[in-house]
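# Observations on the model geometry
Letter by letter, the chains look like this.
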There are 2 protein chains.
Amino acid sequence: MNRKSTVIFSVLAGVSLASGSFLFSSAGDAQSIASGESSEARYLPEYTANGELVLPKNWRHWVFVGSPLTPNALNDGKANFPEFHNVYIEPGSLAIYEKTGEFPEGTIFFKELQLTLQGENPDGSRTEASGRGYFPGPFNGADVTVKDSKRYPETGGWGYYNFNHHEPKAMTASVRPKGECAYCHMASAKKDDVWTQFYPMLDNIAKKFGG
Amino acid sequence: MNRKSTVIFSVLAGVSLASGSFLFSSAGDAQSIASGESSEARYLPEYTANGELVLPKNWRHWVFVGSPLTPNALNDGKANFPEFHNVYIEPGSLAIYEKTGEFPEGTIFFKELQLTLQGENPDGSRTEASGRGYFPGPFNGADVTVKDSKRYPETGGWGYYNFNHHEPKAMTASVRPKGECAYCHMASAKKDDVWTQFYPMLDNIAKKFGG
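A brief structural summary. Given the structure is predicted, the values throughout are model-derived calculations rather than measurements.

### A look at the pairing of strand β10 (residues 158-162) of chain A
Residues and elements named next belong to chain A. In terms of burial, β10 is a largely internal element, 4 of the 5 residues being buried. As paired elements, strand β9 (residues 136-147) and β10 share 5 bridges and run antiparallel to each other. Looking at the pairing, D143 lines up with N162 of β10.

Dropping the structure here:
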């Protein structure tokens, strides 16, 4: 089975959605990307008429890349993200990355936040049948990153969005200023402002291309 | 967009594979399942002629359900699974579970083990730009669970397989005895021997059906 042929997404930017009447179509971008390196259909970023990003569809069917965890109990109760950071990449973008070693325009990363179940230990961990540690609990919002060099020139070519750090997730979100998210990505993330040092699946691909 | 219509897998049990000459076809089971509650194609368990389970294909394109973490440093250096437990469910099985509230025959869970990056702190954590915590490192083997009430009557209707707790993953594996895996699942897992108490996405579905 060819991995690239197995996932087909039926929505492309510009195709109508149930709630699509307020959406700004980015069909021009979609066409230029669709004619690129991959034959796999992609889910591309969707924006409202006033430029807000629409909550991406169907992210739990995207490709999981890793889940760093920085619990509050290990960060003086003030972790920026005390939850599991369940990070997904849009699979059509991944297919192109696998072929080229570069994240294409329109790449979307979705970071779904998931609280740990409350722990009885000082480090926030709890003890279950499988041992002492951290166990996934309720979902708690999401952050989304979109690559678009023309739209986000001030933040390294990526746009950073907060769809709430609680439930329910927002339906749309406005781009965050550089100091809030992009700064740290630009300073410390290994490859193209993406934390590939924590995502071996992505890092191994970069290494094939010398990155 | 209908989530259930978006992911199409082209391999069903019994369809030839590149390495398929040694495979035992379970097409009979596949047909009975394919005519069931869901219209979505499924990837079903494949067995060798001598009854070993074949390493499932393409699991990183399955649906991630959660990643519990029980680090060695919190378990006297002897955690059963010191890695992130990245657990996936085969998406065709999930589609049926979403409709029925029950895991159908042929459901596959794939637990990919992923070491944490080495930490400098006594609890095994390390400090990165995002804070102190646990960060994904190299992959480290996998365990797989398959539901088949007829094949695995002694272990609660599920078969438990170890595809190595190191890399590379084994290509095939033999079923594990009850005392090794099933016992704990049968004693403590919330729903049908699955740890839905740690996977809210699955637990929320069970709750809709009163489970």
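Still to come is the rest of the account.
### Details of the pattern of salt bridges
Residue and element names in this part refer to chain A. Under the criterion given, the structure shown has 28 salt bridges over all chains. Salt-bridge contacts for E102 lead to K191; the nearest nitrogen and oxygen are separated by 3.4 Å. On the criterion of sequence distance, the pair formed by E102 in the loop between α2 (91-100) and β6 (108-116) and K191 in the loop between α3 (182-188) and α4 (200-208) is long-range, its members being 89 residues apart. Classification of E102 as partly exposed rests on a relative accessible area of 43%. The network of salt bridges with shared partners includes R60, E112, E167 and K169.

### Regarding the relation of the copies chain B and chain A
Taken as rigid bodies, chain B and chain A are interconverted by a rotation of 180° and an axial shift of 0.0 Å, the fit giving an RMSD of 0.0 Å. Such a combination of turn and shift is consistent with a two-fold rotation axis. The overlap is high: 100% of the interface residues of chain B also sit at the interface in chain A, so the same surface is used on both sides.

### Topic: the sheet that holds strand β4 (residues 63-66) of chain B
A sheet is described by the order of its strands in space; here 5 strands give the open sequence β4-β5-β6-β9-β10 (chain B), paired in antiparallel fashion. Two strands close off the open sheet at either side, each with one partner strand: β4 and β10 (158-162) of chain B. Taken over all neighbouring pairs, the strand axes of this sheet differ in orientation by 30° on average, direction set aside. The sheet contacts of α4(A) involve β6 (108-116) and β9 (136-147) of chain B, and relative to β9(B) the element is tilted by about 125°. Sheet strands touched by helix α4 (residues 200-208) of chain B: β4, β5 (84-89) and β6 of chain B. Its angle to β4(B), the strand with the most contacts, is close to 90°.

### What about the interface of chain B and chain A?
Counting residues at the interface gives 50 residues for chain B, matched by 50 residues for chain A. Carbon and sulfur atoms make up 64% of the surface buried where chain B meets chain A, a total of about 4500 Å² over both sides. Across the contact surface, chain B and chain A share 0 salt bridges. Here chain B is connected to chain A by 4 residue pairs in polar contact (both at pLDDT 80 or more).

Definitions and cut-offs
Residues numbered from 1 in each chain as written. Chains lettered and ligands numbered in written order. Predicted model: local features only at pLDDT ≥ 70, side-chain atom pairs only at ≥ 80, totals over all residues. Heavy atoms only, no water. Buried < 20%, exposed > 50% of the residue type's maximum accessible area, 1.4 Å probe, protein only. Helix = DSSP H or I, 4+ residues; strand = E, 2+ residues; numbered from the N terminus. Pairing = 2+ DSSP bridges. Salt bridge = Lys/Arg side-chain N within 4 Å of Asp/Glu carboxyl O. Least-squares fit on C-alpha atoms with pLDDT ≥ 70 in both. Contact = heavy atoms within 4.5 Å. Axes fitted to C-alpha atoms, helices over the stretch in contact; angles between N-to-C directions. Buried area = accessible area lost by both parts, 1.4 Å probe. Polar contact = N/O pair within 3.5 Å; in protein donor to acceptor, adjacent residues only side chain to side chain.

These results come straight from atomic positions and should not be treated as a statement about function.
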